[in-house]
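Residue strings, one per chain:
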Amino acid sequence: MSDAILFAVEEGMARLTLNRPARLNAFNADLAHAWRDATAEATSRADVKAILIDAAGPAFCAGGDVIDMATTMGASGAEITALAEVINAGIRSLTESAVPVVAAAHGTTAGGGLGILLCSDYAVVGSRSKLGSLYANIGLTPDLSVSAQLARAVGQRRALQLVLQDRLLSSAEAVEWGLVAEAVEGADAASEADRVRARGEEIARFWLAGAADAYGQAKRLVRSQPERTFVEQLGEEARSIGAALETPDAQARVAAFAAASAKKAG
């Protein structure tokens, strides 16, 4: 796997660190292929029960590497489409998996970086963070799931406000809109980035310390719901809870709950 992404698995948590800090972790071909490979491995390993996405340097992700598009790649539309499809494979790996994902997105998240953040099921930013679309500033249109996921996250009207304006949301606005779950503070930008990463890891560890498989299936039910009718979703919920009850973890937890309730009642 390329150094464009640092990949490690420890005690059930896969950490994917975007690692092109000099370009604000913007995607070029190297990062795109590393992203596809890392997400495929993280979501296919039986020992991975939580995924953390974070980033090196001063920003989470600036989207596509525009300088690379204009020089190395020659700004070929066919090449950009092909590259987007490579990144999309990684997006699908995350969003279609039954593994919960947390994004620790310090600094700026813009363009396609917003789509990477939207792949997470829980997002943490810093108080100094800024988030936006900005595609039209360079004459481009949303990609990397932004048009597919942004409106689901914040509603259609707010999604349109973001993609049709030259606007970066503050961290407070991002929390208020429901785009991210929380914002943490630090004394300076560097310490704030460390705190964002630490909080992201804390959330992943919370999932791992609890009913990790149940959290994963809950994520899957919510993420996959648009594929089903209401009646089909009810059926999938019924099937899923029945399957969960058959697991040793659920049986132990249900028994412990019942025993504690009986003790309290007595």
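Being a predicted model, the structure only gives us computed values, none of them experimental.

**Describing the side chain of His106**
Counting through the fold element by element, His106 comes out in the loop between β4 (101–105) and β5 (108–110). Taking relative accessible area as the criterion, His106 reaches 3% and is therefore assigned buried. In this view, His106 contacts Ala55, Gly57, Pro58, Ala59, Phe60, Gly126, Ser129, Ala193, Val196 and Arg197; residues no more than four positions away in its chain are not counted.

**So, the pattern of salt bridges**
Under the criterion given, the structure shown has 22 salt bridges. Put simply, Asp121 and Arg223 hold a salt bridge, and the shortest N to O gap is 3.0 Å. Placement of the pair is Asp121 in the loop between α4 (112–118) and β6 (122–126) and Arg223 in helix α9 (residues 212–224), with a sequence separation of 102 residues. Residue classification places Asp121 among the partly exposed residues on the basis of a relative accessible area of 30%. Of the charged contacts, one joins Glu202 and Arg199 as a salt bridge, the two residues approaching to 2.8 Å between their closest N and O atoms. In this pair, Glu202 and Arg199 both sit in helix α8 (residues 189–209), three residues apart, roughly one turn of the helix. For Arg199, a relative accessible area of 24% corresponds to the partly exposed category. Bridged by salt links that share partners, the residues Glu11, Arg15, Asp54, Glu201 and Arg205 form one connected network.

**Overview of the packing of aromatic side chains**
To describe a pair of aromatic rings, one takes the distance between the centres and the angle between the planes. Scanning all chains against the criterion turns up two aromatic pairs. Ring centres of Phe27 and Trp35 lie 6.0 Å apart, and the angle between their planes is 90°; on these two criteria the pair is classed as edge-to-face. Assessed through its relative accessible area of 0%, Trp35 is described here as buried. When the ring of Phe206 is compared with that of Tyr215, the centres are 5.7 Å apart and the planes differ by 45°; the resulting orientation is tilted.

**Here we look at helix α3 (residues 77–95)**
With 19 residues, α3 extends 26 Å between its outermost C-alpha atoms, agreeing within 8% with the 27 Å of an ideal straight helix rising 1.5 Å per residue. Within the sequence span of α3, burial applies to Leu83, Ala84, Val86, Ile87, Gly90, Ile91, Leu94 and Thr95. Looking at the buried residues of α3, the elements they touch are α1 (29–44), β3 (50–55), β4, α4, α5 (146–154) and α9.

**Description of the sheet that holds strand β2 (residues 13–18)**
What the six strands build is an open sheet, ordered β1-β2-β3-β4-β6-β9; its pairing is mixed. The outermost strands of the open sheet, each flanked by one partner alone, are β1 (5–10) and β9 (182–184). Mean inter-strand twist for the sheet, computed between neighbouring axes without regard to direction, equals 20°. As paired elements, β3 and β4 share three bridges and run parallel to each other.

**Observations concerning the packing of α1 against α3**
Where α1 contacts α3, the axes come no closer than 8 Å and their chain directions differ by 20°. In terms of orientation, α1 lies roughly parallel with respect to α3. Here the hand of the crossing between α1 and α3 comes out left-handed. Across from Ala29, Ala32, His33, Trp35, Arg36, Thr39, Ala40 and Thr43 in α1, the residues of α3 making contact are Leu83, Val86, Ile87, Ala89, Gly90, Ile91, Ser93 and Leu94. Residues that form the contact of α1 with α3 fall into these classes: 10 nonpolar, five polar and one charged.

**Digging into the packing of α9 against helix α10 (residues 230–245)**
Across the interface, α9 lies against α10 with an axial gap of 11 Å and an inter-helix angle of 170°. Comparing their axes, α10 and α9 come out roughly antiparallel. Contacts between α9 and α10 involve Gln217, Arg220 and Leu221 from the first element and Gln233, Glu236, Glu237, Arg239 and Ser240 from the second. Considered class by class, the residues forming the contact of α9 with α10 number one nonpolar, three polar and four charged.

What counts as what
- Residues numbered from 1 in each chain as written.
- Predicted model: local features only at pLDDT ≥ 70, side-chain atom pairs only at ≥ 80, totals over all residues.
- Heavy atoms only, no water.
- Helix = DSSP H or I, 4+ residues; strand = E, 2+ residues; numbered from the N terminus.
- Buried < 20%, exposed > 50% of the residue type's maximum accessible area, 1.4 Å probe, protein only.
- Contact = heavy atoms within 4.5 Å.
- Salt bridge = Lys/Arg side-chain N within 4 Å of Asp/Glu carboxyl O.
- Phe/Tyr/Trp six-rings, centres within 6.5 Å; stacked < 30°, edge-to-face > 60°.
- Expected span 1.5 Å × (residues − 1).
- Pairing = 2+ DSSP bridges.
- Axes fitted to C-alpha atoms, helices over the stretch in contact; angles between N-to-C directions.
- Parallel < 35°, antiparallel > 145°, perpendicular 65-115°, else oblique.
- Left-handed = near helix turned anticlockwise from the far one by under 90°.
- Nonpolar A, V, L, I, M, F, W, Y, C, P; charged D, E, K, R; others polar.

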